[in-house]
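Examination of the molecular architecture
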Number of protein chains: 2
Amino acid sequence: MKELKDKILKEGVAIGTQIVKVDHFLNHRLDIRFLDRIGAEFSKRFAGEEIDKILTVEASGIAVASMAATYFDYVPVVFAKKAAPSTMTEGFYEAEARSFTKGTVSKFKVSQRFISEGDRVLIIDDFLAHGEASLALVNIVRQAGGKVVGVGAVIEKGFQGGSDKLRDAGCRVESLAIIDRIDDGQIYFR
Amino acid sequence: MKELKDKILKEGVAIGTQIVKVDHFLNHRLDIRFLDRIGAEFSKRFAGEEIDKILTVEASGIAVASMAATYFDYVPVVFAKKAAPSTMTEGFYEAEARSFTKGTVSKFKVSQRFISEGDRVLIIDDFLAHGEASLALVNIVRQAGGKVVGVGAVIEKGFQGGSDKLRDAGCRVESLAIIDRIDDGQIYFR
(Lines give C-alpha, C1' and ligand atoms only; values in the text may rest on other atoms or scores of the structure.)
Protein backbone atom coordinates (compact mmCIF):
# COMPACT_ATOMS: atom_id res chain seq x y z
CA MET A 1 0.00 0.00 0.00
CA LYS A 2 1.93 2.97 -1.31
CA GLU A 3 0.22 5.58 0.86
CA LEU A 4 1.22 3.60 3.95
CA LYS A 5 4.85 3.28 2.89
CA ASP A 6 4.98 7.02 2.22
CA LYS A 7 3.52 7.68 5.65
CA ILE A 8 6.02 5.37 7.37
CA LEU A 9 8.89 7.17 5.62
CA LYS A 10 7.46 10.59 6.48
CA GLU A 11 6.27 10.03 10.06
CA GLY A 12 8.03 6.86 11.21
CA VAL A 13 11.25 6.90 13.22
CA ALA A 14 13.83 4.15 12.75
CA ILE A 15 15.49 3.08 16.01
CA GLY A 16 18.56 0.87 15.70
CA THR A 17 18.07 -2.02 13.29
CA GLN A 18 14.95 -3.62 14.81
CA ILE A 19 12.39 -0.96 15.64
CA VAL A 20 10.32 1.51 13.68
CA LYS A 21 8.29 3.87 15.80
CA VAL A 22 4.98 4.92 14.24
CA ASP A 23 3.29 6.40 17.27
CA HIS A 24 2.24 9.43 15.23
CA PHE A 25 -0.50 7.50 13.44
CA LEU A 26 -0.75 3.92 14.71
CA ASN A 27 0.47 3.31 18.27
CA HIS A 28 -0.33 6.32 20.43
CA ARG A 29 -1.85 9.04 18.28
CA LEU A 30 -4.35 7.40 15.92
CA ASP A 31 -4.84 8.99 12.52
CA ILE A 32 -8.46 7.90 12.19
CA ARG A 33 -8.93 9.13 8.62
CA PHE A 34 -5.88 7.11 7.59
CA LEU A 35 -6.83 4.04 9.64
CA ASP A 36 -10.18 4.13 7.87
CA ARG A 37 -8.34 3.71 4.56
CA ILE A 38 -6.22 0.95 6.11
CA GLY A 39 -9.48 -0.80 7.01
CA ALA A 40 -10.74 -0.43 3.44
CA GLU A 41 -7.49 -1.94 2.14
CA PHE A 42 -7.88 -5.00 4.39
CA SER A 43 -11.40 -5.48 3.05
CA LYS A 44 -10.00 -5.48 -0.51
CA ARG A 45 -7.30 -8.01 0.41
CA PHE A 46 -9.80 -10.36 2.00
CA ALA A 47 -12.67 -9.68 -0.44
CA GLY A 48 -14.88 -12.70 -1.02
CA GLU A 49 -13.98 -14.33 2.30
CA GLU A 50 -16.77 -15.03 4.73
CA ILE A 51 -15.78 -13.50 8.07
CA ASP A 52 -17.73 -13.79 11.31
CA LYS A 53 -15.47 -11.74 13.56
CA ILE A 54 -12.16 -9.98 13.79
CA LEU A 55 -9.70 -10.89 16.55
CA THR A 56 -6.93 -8.56 17.69
CA VAL A 57 -5.00 -7.84 20.88
CA GLU A 58 -5.02 -4.82 23.17
CA ALA A 59 -4.11 -2.02 22.86
CA SER A 60 -2.71 -0.92 19.50
CA GLY A 61 -4.66 -3.45 17.45
CA ILE A 62 -8.05 -2.21 18.62
CA ALA A 63 -8.37 0.93 16.50
CA VAL A 64 -7.23 -0.75 13.28
CA ALA A 65 -9.48 -3.76 13.85
CA SER A 66 -12.46 -1.53 14.67
CA MET A 67 -12.04 0.64 11.58
CA ALA A 68 -11.58 -2.48 9.43
CA ALA A 69 -14.73 -4.07 10.87
CA THR A 70 -16.85 -1.29 9.37
CA TYR A 71 -15.77 -2.57 5.93
CA PHE A 72 -16.65 -6.17 6.79
CA ASP A 73 -20.33 -5.45 7.34
CA TYR A 74 -19.65 -4.29 10.92
CA VAL A 75 -18.67 -7.73 12.23
CA PRO A 76 -17.81 -7.73 15.94
CA VAL A 77 -14.22 -7.30 17.08
CA VAL A 78 -12.83 -9.33 19.98
CA PHE A 79 -9.61 -8.20 21.57
CA ALA A 80 -7.40 -10.56 23.56
CA LYS A 81 -6.49 -9.23 26.99
CA LYS A 82 -2.99 -9.33 28.35
CA ALA A 83 -4.20 -9.57 31.95
CA ALA A 84 -7.41 -11.07 33.28
CA PRO A 85 -9.63 -8.35 34.77
CA SER A 86 -11.39 -9.03 38.06
CA THR A 87 -14.66 -9.35 36.14
CA MET A 88 -13.28 -12.16 33.91
CA THR A 89 -14.52 -14.92 36.12
CA GLU A 90 -15.59 -17.54 33.60
CA GLY A 91 -13.48 -19.77 31.35
CA PHE A 92 -11.09 -18.30 28.84
CA TYR A 93 -8.69 -19.51 26.18
CA GLU A 94 -5.10 -18.60 26.84
CA ALA A 95 -1.88 -18.51 24.80
CA GLU A 96 1.58 -17.13 25.51
CA ALA A 97 3.28 -14.47 23.40
CA ARG A 98 6.78 -13.16 23.91
CA SER A 99 7.45 -9.49 23.07
CA PHE A 100 10.99 -9.01 21.81
CA THR A 101 10.62 -5.22 21.94
CA LYS A 102 9.48 -5.19 25.55
CA GLY A 103 11.39 -8.27 26.70
CA THR A 104 8.27 -9.67 28.35
CA VAL A 105 5.95 -12.66 27.98
CA SER A 106 2.21 -11.99 27.94
CA LYS A 107 -0.57 -14.49 28.39
CA PHE A 108 -3.30 -13.52 25.95
CA LYS A 109 -6.77 -14.33 27.20
CA VAL A 110 -10.09 -14.51 25.34
CA SER A 111 -13.34 -15.43 27.02
CA GLN A 112 -14.72 -18.74 25.77
CA ARG A 113 -18.02 -16.98 25.15
CA PHE A 114 -16.61 -14.89 22.34
CA ILE A 115 -15.15 -17.42 19.90
CA SER A 116 -17.26 -20.41 18.94
CA GLU A 117 -16.70 -23.62 17.08
CA GLY A 118 -16.91 -22.99 13.35
CA ASP A 119 -16.32 -19.23 13.62
CA ARG A 120 -14.44 -17.80 10.64
CA VAL A 121 -12.00 -15.37 12.21
CA LEU A 122 -9.82 -12.69 10.63
CA ILE A 123 -6.84 -11.75 12.80
CA ILE A 124 -5.73 -8.12 12.47
CA ASP A 125 -2.83 -6.47 14.23
CA ASP A 126 -0.74 -3.33 13.91
CA PHE A 127 2.64 -5.06 13.62
CA LEU A 128 3.84 -8.45 12.46
CA ALA A 129 7.39 -8.96 13.72
CA HIS A 130 8.51 -12.34 15.11
CA GLY A 131 4.92 -13.52 14.83
CA GLU A 132 4.52 -14.35 18.52
CA ALA A 133 1.38 -12.28 19.03
CA SER A 134 -0.35 -13.45 15.86
CA LEU A 135 0.55 -17.11 16.54
CA ALA A 136 -0.94 -16.79 20.02
CA LEU A 137 -4.17 -15.48 18.46
CA VAL A 138 -4.17 -18.34 15.91
CA ASN A 139 -3.69 -20.76 18.80
CA ILE A 140 -6.68 -19.27 20.61
CA VAL A 141 -8.95 -19.45 17.54
CA ARG A 142 -8.01 -23.10 17.05
CA GLN A 143 -8.53 -23.95 20.73
CA ALA A 144 -12.08 -22.69 20.22
CA GLY A 145 -12.59 -24.81 17.12
CA GLY A 146 -12.69 -21.75 14.87
CA LYS A 147 -11.06 -21.26 11.49
CA VAL A 148 -8.44 -18.57 10.84
CA VAL A 149 -9.39 -16.96 7.53
CA GLY A 150 -6.15 -14.97 7.48
CA VAL A 151 -3.83 -12.64 9.32
CA GLY A 152 -3.71 -8.98 8.31
CA ALA A 153 -0.87 -6.79 9.54
CA VAL A 154 -0.49 -3.09 8.94
CA ILE A 155 3.32 -3.23 9.06
CA GLU A 156 5.41 -6.37 8.74
CA LYS A 157 9.07 -6.42 9.72
CA GLY A 158 9.96 -8.97 7.08
CA PHE A 159 13.42 -9.66 8.51
CA GLN A 160 11.99 -10.99 11.78
CA GLY A 161 10.39 -14.08 10.26
CA GLY A 162 6.85 -13.85 11.59
CA SER A 163 5.01 -14.31 8.29
CA ASP A 164 6.93 -17.50 7.47
CA LYS A 165 5.96 -18.96 10.84
CA LEU A 166 2.31 -18.05 10.21
CA ARG A 167 2.35 -19.60 6.72
CA ASP A 168 3.95 -22.73 8.18
CA ALA A 169 1.01 -22.80 10.57
CA GLY A 170 -1.32 -22.79 7.55
CA CYS A 171 -2.38 -19.14 7.63
CA ARG A 172 -2.76 -16.71 4.78
CA VAL A 173 -0.90 -13.48 5.60
CA GLU A 174 -1.57 -10.03 4.16
CA SER A 175 0.79 -7.23 5.24
CA LEU A 176 0.13 -3.75 3.90
CA ALA A 177 3.79 -2.69 4.09
CA ILE A 178 6.78 -5.01 4.47
CA ILE A 179 9.99 -3.57 5.85
CA ASP A 180 13.07 -5.46 4.69
CA ARG A 181 15.72 -3.65 6.64
CA ILE A 182 16.21 -0.81 9.13
CA ASP A 183 19.67 0.63 8.99
CA ASP A 184 21.31 3.86 10.08
CA GLY A 185 18.01 5.69 10.50
CA GLN A 186 16.74 4.49 7.11
CA ILE A 187 13.77 2.21 6.41
CA TYR A 188 13.92 -0.06 3.36
CA PHE A 189 10.80 -1.76 2.00
CA ARG A 190 10.62 -5.10 0.21
CA MET B 1 -29.81 6.85 25.11
CA LYS B 2 -32.62 4.33 25.27
CA GLU B 3 -31.00 1.77 22.97
CA LEU B 4 -27.95 1.69 25.24
CA LYS B 5 -29.99 1.21 28.40
CA ASP B 6 -31.89 -1.64 26.74
CA LYS B 7 -28.60 -3.23 25.72
CA ILE B 8 -27.16 -2.92 29.24
CA LEU B 9 -30.27 -4.60 30.67
CA LYS B 10 -30.19 -7.34 28.03
CA GLU B 11 -26.45 -8.07 27.84
CA GLY B 12 -24.94 -6.57 30.98
CA VAL B 13 -24.30 -8.57 34.13
CA ALA B 14 -24.64 -6.94 37.55
CA ILE B 15 -21.98 -8.07 40.02
CA GLY B 16 -22.53 -7.14 43.66
CA THR B 17 -23.52 -3.49 44.14
CA GLN B 18 -20.60 -1.80 42.35
CA ILE B 19 -19.89 -3.52 39.04
CA VAL B 20 -21.76 -3.99 35.79
CA LYS B 21 -20.00 -6.21 33.30
CA VAL B 22 -20.60 -5.26 29.67
CA ASP B 23 -17.86 -7.26 28.00
CA HIS B 24 -20.33 -8.52 25.42
CA PHE B 25 -20.34 -5.20 23.55
CA LEU B 26 -17.93 -2.72 25.15
CA ASN B 27 -15.01 -4.19 27.09
CA HIS B 28 -13.85 -7.38 25.40
CA ARG B 29 -16.14 -8.18 22.48
CA LEU B 30 -16.82 -4.92 20.63
CA ASP B 31 -20.18 -4.55 18.93
CA ILE B 32 -18.89 -2.29 16.17
CA ARG B 33 -22.28 -1.55 14.63
CA PHE B 34 -23.55 -0.45 18.02
CA LEU B 35 -20.38 1.51 18.91
CA ASP B 36 -20.85 3.36 15.63
CA ARG B 37 -24.25 4.55 16.88
CA ILE B 38 -22.66 5.45 20.24
CA GLY B 39 -20.18 7.58 18.30
CA ALA B 40 -23.03 9.29 16.43
CA GLU B 41 -24.75 10.03 19.75
CA PHE B 42 -21.61 11.71 21.15
CA SER B 43 -21.45 13.88 18.04
CA LYS B 44 -25.05 14.99 18.69
CA ARG B 45 -24.30 15.77 22.34
CA PHE B 46 -21.26 17.86 21.45
CA ALA B 47 -22.67 19.35 18.23
CA GLY B 48 -21.42 22.86 17.53
CA GLU B 49 -18.25 22.41 19.59
CA GLU B 50 -14.94 22.84 17.85
CA ILE B 51 -12.86 19.77 18.60
CA ASP B 52 -9.24 19.21 17.55
CA LYS B 53 -8.72 15.76 18.97
CA ILE B 54 -10.22 13.08 21.15
CA LEU B 55 -8.33 11.77 24.18
CA THR B 56 -9.03 8.41 25.76
CA VAL B 57 -7.13 5.72 27.67
CA GLU B 58 -6.11 2.21 26.67
CA ALA B 59 -7.63 -0.27 26.19
CA SER B 60 -11.42 -0.16 26.37
CA GLY B 61 -11.72 3.51 25.44
CA ILE B 62 -9.97 3.11 22.10
CA ALA B 63 -12.79 1.54 20.07
CA VAL B 64 -15.43 4.00 21.29
CA ALA B 65 -13.17 7.00 20.75
CA SER B 66 -12.20 5.79 17.28
CA MET B 67 -15.78 5.22 16.16
CA ALA B 68 -16.77 8.61 17.60
CA ALA B 69 -13.92 10.35 15.77
CA THR B 70 -15.47 9.42 12.42
CA TYR B 71 -18.42 11.65 13.38
CA PHE B 72 -16.16 14.57 14.36
CA ASP B 73 -14.68 14.96 10.88
CA TYR B 74 -12.15 12.17 11.55
CA VAL B 75 -10.17 14.10 14.15
CA PRO B 76 -7.19 12.14 15.53
CA VAL B 77 -7.53 10.09 18.69
CA VAL B 78 -4.78 10.00 21.29
CA PHE B 79 -4.85 7.27 23.89
CA ALA B 80 -3.03 7.58 27.20
CA LYS B 81 -0.78 4.64 27.98
CA LYS B 82 -0.72 2.95 31.34
CA ALA B 83 2.93 1.95 30.97
CA ALA B 84 5.70 3.68 29.04
CA PRO B 85 6.82 1.50 26.11
CA SER B 86 10.54 1.18 25.39
CA THR B 87 10.06 3.41 22.36
CA MET B 88 8.58 6.27 24.45
CA THR B 89 11.87 8.01 24.93
CA GLU B 90 10.88 11.66 24.76
CA GLY B 91 8.97 13.80 27.25
CA PHE B 92 5.47 12.90 28.29
CA TYR B 93 2.72 14.28 30.49
CA GLU B 94 1.79 12.02 33.36
CA ALA B 95 -1.11 11.77 35.81
CA GLU B 96 -2.13 9.14 38.35
CA ALA B 97 -5.44 7.31 38.33
CA ARG B 98 -6.61 4.81 40.89
CA SER B 99 -8.81 1.93 39.72
CA PHE B 100 -11.26 0.89 42.42
CA THR B 101 -12.32 -2.19 40.42
CA LYS B 102 -8.77 -3.43 40.00
CA GLY B 103 -7.35 -2.05 43.24
CA THR B 104 -4.38 -0.57 41.40
CA VAL B 105 -2.92 2.85 40.62
CA SER B 106 -1.94 3.58 37.01
CA LYS B 107 0.24 6.39 35.77
CA PHE B 108 -1.31 7.60 32.53
CA LYS B 109 1.23 8.88 30.04
CA VAL B 110 0.77 10.98 26.91
CA SER B 111 3.65 12.09 24.72
CA GLN B 112 4.14 15.86 24.79
CA ARG B 113 4.11 15.79 20.99
CA PHE B 114 0.44 14.83 20.83
CA ILE B 115 -1.33 17.53 22.84
CA SER B 116 -0.46 21.14 22.16
CA GLU B 117 -1.21 24.46 23.78
CA GLY B 118 -4.63 25.66 22.70
CA ASP B 119 -5.85 22.21 21.59
CA ARG B 120 -9.59 21.73 22.11
CA VAL B 121 -9.85 18.20 23.44
CA LEU B 122 -12.88 15.95 23.90
CA ILE B 123 -12.30 13.19 26.46
CA ILE B 124 -14.18 9.95 25.75
CA ASP B 125 -14.16 6.82 27.86
CA ASP B 126 -16.20 3.65 28.24
CA PHE B 127 -17.01 4.08 31.95
CA LEU B 128 -17.29 7.00 34.32
CA ALA B 129 -17.20 5.68 37.88
CA HIS B 130 -15.23 7.47 40.60
CA GLY B 131 -13.85 9.78 37.92
CA GLU B 132 -10.20 8.97 38.56
CA ALA B 133 -9.38 8.08 34.96
CA SER B 134 -11.21 11.06 33.44
CA LEU B 135 -9.68 13.48 35.97
CA ALA B 136 -6.22 12.17 35.08
CA LEU B 137 -6.96 12.86 31.41
CA VAL B 138 -8.23 16.37 32.26
CA ASN B 139 -5.03 16.93 34.24
CA ILE B 140 -2.93 15.88 31.23
CA VAL B 141 -4.81 18.16 28.81
CA ARG B 142 -4.33 21.09 31.19
CA GLN B 143 -0.63 20.35 31.73
CA ALA B 144 -0.31 20.72 27.95
CA GLY B 145 -2.17 24.04 27.96
CA GLY B 146 -5.13 22.54 26.12
CA LYS B 147 -8.82 23.08 26.78
CA VAL B 148 -11.19 20.26 27.79
CA VAL B 149 -14.31 20.72 25.66
CA GLY B 150 -16.10 18.01 27.61
CA VAL B 151 -16.07 14.48 28.92
CA GLY B 152 -18.22 11.85 27.23
CA ALA B 153 -18.83 8.53 28.96
CA VAL B 154 -20.75 5.60 27.55
CA ILE B 155 -21.86 4.37 30.98
CA GLU B 156 -21.80 6.41 34.17
CA LYS B 157 -22.15 4.77 37.55
CA GLY B 158 -23.91 7.77 39.05
CA PHE B 159 -23.58 6.55 42.64
CA GLN B 160 -19.76 6.68 42.53
CA GLY B 161 -19.53 10.46 42.23
CA GLY B 162 -17.25 10.87 39.22
CA SER B 163 -19.37 13.32 37.27
CA ASP B 164 -19.67 15.70 40.26
CA LYS B 165 -15.88 15.75 40.60
CA LEU B 166 -15.51 16.49 36.90
CA ARG B 167 -18.10 19.31 37.04
CA ASP B 168 -16.29 20.73 40.09
CA ALA B 169 -13.18 20.70 37.91
CA GLY B 170 -15.03 22.83 35.37
CA CYS B 171 -15.86 20.11 32.82
CA ARG B 172 -19.06 19.50 30.93
CA VAL B 173 -20.05 15.84 31.27
CA GLU B 174 -22.25 13.85 28.90
CA SER B 175 -23.03 10.27 29.91
CA LEU B 176 -25.15 8.19 27.55
CA ALA B 177 -26.57 5.99 30.32
CA ILE B 178 -26.47 6.72 34.06
CA ILE B 179 -26.82 3.83 36.47
CA ASP B 180 -28.24 4.87 39.83
CA ARG B 181 -28.02 1.60 41.67
CA ILE B 182 -26.96 -2.01 41.24
CA ASP B 183 -28.74 -4.31 43.63
CA ASP B 184 -29.41 -8.02 43.82
CA GLY B 185 -28.55 -8.61 40.18
CA GLN B 186 -30.70 -5.69 39.03
CA ILE B 187 -29.54 -2.49 37.32
CA TYR B 188 -31.51 0.71 37.94
CA PHE B 189 -31.09 3.77 35.73
CA ARG B 190 -31.47 7.39 36.75
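Scroll up a little and you will see the structure.
Report on the accompanying structure. Bear in mind that the values here come from a model prediction, so they are computed numbers and not experimental data. (Residues numbered from 1 in each chain as written. Chains lettered and ligands numbered in written order. Predicted model: local features only at pLDDT ≥ 70, side-chain atom pairs only at ≥ 80, totals over all residues. Heavy atoms only, no water.)

**Concerning the sheet that holds strand β3 (residues 29-30) of chain B**
If you walk across this open sheet you meet the 7 strands as β11(A)-β10(A)-β9(A)-β8(A)-β4(A)-β5(A)-β3(B), and the pairing is mixed. At either margin of the open sheet sits one strand with a lone partner, and together these are β11 (186-189) of chain A together with β3 of chain B. Taken strand by strand, helix α4 (residues 132-143) of chain A contacts β4 (53-57), β5 (77-80), β8 (120-128) and β9 (147-157) of chain A, and its axis lies near 165° from that of β8(A). (Pairing = 2+ DSSP bridges. Helix = DSSP H or I, 4+ residues; strand = E, 2+ residues; numbered from the N terminus. Contact = heavy atoms within 4.5 Å. Axes fitted to C-alpha atoms, helices over the stretch in contact; angles between N-to-C directions.)

**Thoughts on the environment of K82(A)**
All names here are of chain A. Its place among the elements puts K82 in the loop between β5 and β6 (92-99). The class for K82 is partly exposed, based on a relative accessible area of 31%. In this structure, the C-alpha to C-alpha distance between K82 and E58, residues 24 residues apart in sequence, is 7.2 Å. Residues in contact with K82, not counting those within four places in the same chain, are V57, E58, A59, K102, S106, K107, F108 and K109. (Buried < 20%, exposed > 50% of the residue type's maximum accessible area, 1.4 Å probe, protein only.)

**Regarding the interface of chain A and chain B**
With 40 residues of chain A in contact, the opposing surface of chain B contributes 40 residues. Across the interface of chain A and chain B, roughly 3300 Å² is buried in total on both sides, 64% from carbon and sulfur atoms. Where chain A meets chain B, there are 4 salt bridges. R113(A) is the partner of D23(B) in a salt bridge, and the nearest nitrogen-oxygen pair spans 2.6 Å. At the boundary of chain A and chain B, one finds 12 residue pairs in polar contact (both at pLDDT 80 or more). In this structure, β5(A) lies alongside β3(B), joined through 2 bridges in antiparallel fashion. From the neighbouring strand, V77(A) faces β3(B), where its bridge partner is L30(B). (Buried area = accessible area lost by both parts, 1.4 Å probe. Salt bridge = Lys/Arg side-chain N within 4 Å of Asp/Glu carboxyl O. Polar contact = N/O pair within 3.5 Å; in protein donor to acceptor, adjacent residues only side chain to side chain.)

**With respect to the packing of helix α3 (residues 60-69) of chain A against helix α3 (residues 60-69) of chain B**
Where α3(A) contacts α3(B), the axes come no closer than 9 Å and their chain directions differ by 45°. By the criterion of interaxial angle, the relationship of α3(A) to α3(B) is oblique. As α3(A) packs across α3(B), the resulting crossing turns out to be right-handed. Of the residues in α3(B), those touching α3(A) at I62(A), A63(A), S66(A) and M67(A) are I62(B), A63(B), S66(B) and M67(B). Across the contact of α3(A) with α3(B), the residue classes break down as 6 nonpolar, 2 polar and no charged. (Parallel < 35°, antiparallel > 145°, perpendicular 65-115°, else oblique. Left-handed = near helix turned anticlockwise from the far one by under 90°. Nonpolar A, V, L, I, M, F, W, Y, C, P; charged D, E, K, R; others polar.)

**Some remarks on the sheet that holds strand β3 (residues 29-30) of chain A**
The pairing of strands in a sheet comes from backbone hydrogen bonds and takes either a parallel or an antiparallel form. Spatial strand order, β3(A)-β5(B)-β4(B)-β8(B)-β9(B)-β10(B)-β11(B): 7 strands in an open sheet with mixed pairing. Two strands bound the open sheet, and with one partner strand each, they are β3 of chain A together with β11 (186-189) of chain B. Contacts between helix α1 (residues 2-11) of chain B and the sheet are confined to β9 (147-157), β10 (173-183) and β11 of chain B, with β11(B) contributing the most and set at about 165° to the helix. Where α3(B) meets the sheet, its contacts fall on β3 of chain A together with β4 (53-57), β5 (77-80), β8 (120-128) and β9 of chain B, and the angle it forms with β4(B) comes to roughly 165°.

**Points about the relation of the copies chain A and chain B**
For the pair chain A and chain B, the superposition axis carries a translation of 0.0 Å, the fit reaches an RMSD of 0.0 Å, and the rotation angle comes to 180°. Classification of the inter-copy transformation places it as that of a two-fold axis. Mapped onto chain B, 100% of the interface residues of chain A are again interface residues, and the two copies thus contact each other with one and the same surface. (Least-squares fit on C-alpha atoms with pLDDT ≥ 70 in both.)

**Regarding the pairing of strand β7 (residues 104-111) of chain B**
Residue and element names in this part refer to chain B. Examined bridge by bridge, strand β6 (residues 92-99) and β7 share 8 bridges and lie antiparallel to one another. Bridge pairing in β7 places S99 opposite T104. Taken together, β6 and the strand that follows it, β7, pair antiparallel across an intervening segment of 4 residues, in which G103 is found at a positive phi of about 70°.

**Quick word on the pattern of salt bridges**
This model, assessed by the stated rule, comprises 34 salt bridges over all chains. A salt bridge links E41(A) to R45(A); the shortest N-O distance between them is 2.9 Å. Here E41(A) pairs with R45(A), and both are found in helix α2 (residues 32-45), just 4 residues apart, close to one helical turn. In this structure, the salt-bridge partner of K7(B) is D31(B), at a minimum N-O distance of 2.8 Å. Of the two residues, K7(B) is situated in helix α1 and D31(B) in the loop between β3 and α2 (32-45); the sequence distance between them amounts to 24 residues. Per residue, the accessibility class of K7(B) equals that of D31(B), and both read buried. Taken together, the shared-partner salt bridges in this structure form one network comprising E41(A), K44(A), R45(A), E49(A), R120(A), R172(A) and E174(A).

**Remarks on the pairing of β5(A)**
Residues and elements named next belong to chain A. Neither face of β5 is open: one carries V77 and F79, the other V78 and A80, and all of them are buried. Taken together, the 4 bridges between β4 and β5 define a ladder with parallel strand orientation. Looking at β5, one finds that V57 is bridged to A80. Between the parallel elements β4 and β5, the chain passes through α3 in a crossover that is right-handed. (Right-handed = clockwise from strand over helix to strand, strands pointing away.)

**Overview of unusual backbone geometry**
Residues E58(A) and A59(A) are joined by a peptide bond in cis, for which omega reads -5°. Here the phi dihedral of Y74(B) falls at roughly 55°; this positive angle occurs in a residue that is not glycine. Along the chain, Y74(B) falls in the loop between α3 and β5.

**A word on the side chain of E156(A)**
All names here are of chain A. Mapping E156 onto the fold places it in strand β9. Looking at E156, its side chain comes within polar contact range of the side chain of S175, at 2.5 Å. If we ignore the near neighbours within four places in the chain, the residues touching E156 are L128, S163, V173, S175, A177, I178 and I179.

Function-wise, these values are silent; they only describe arrangement.
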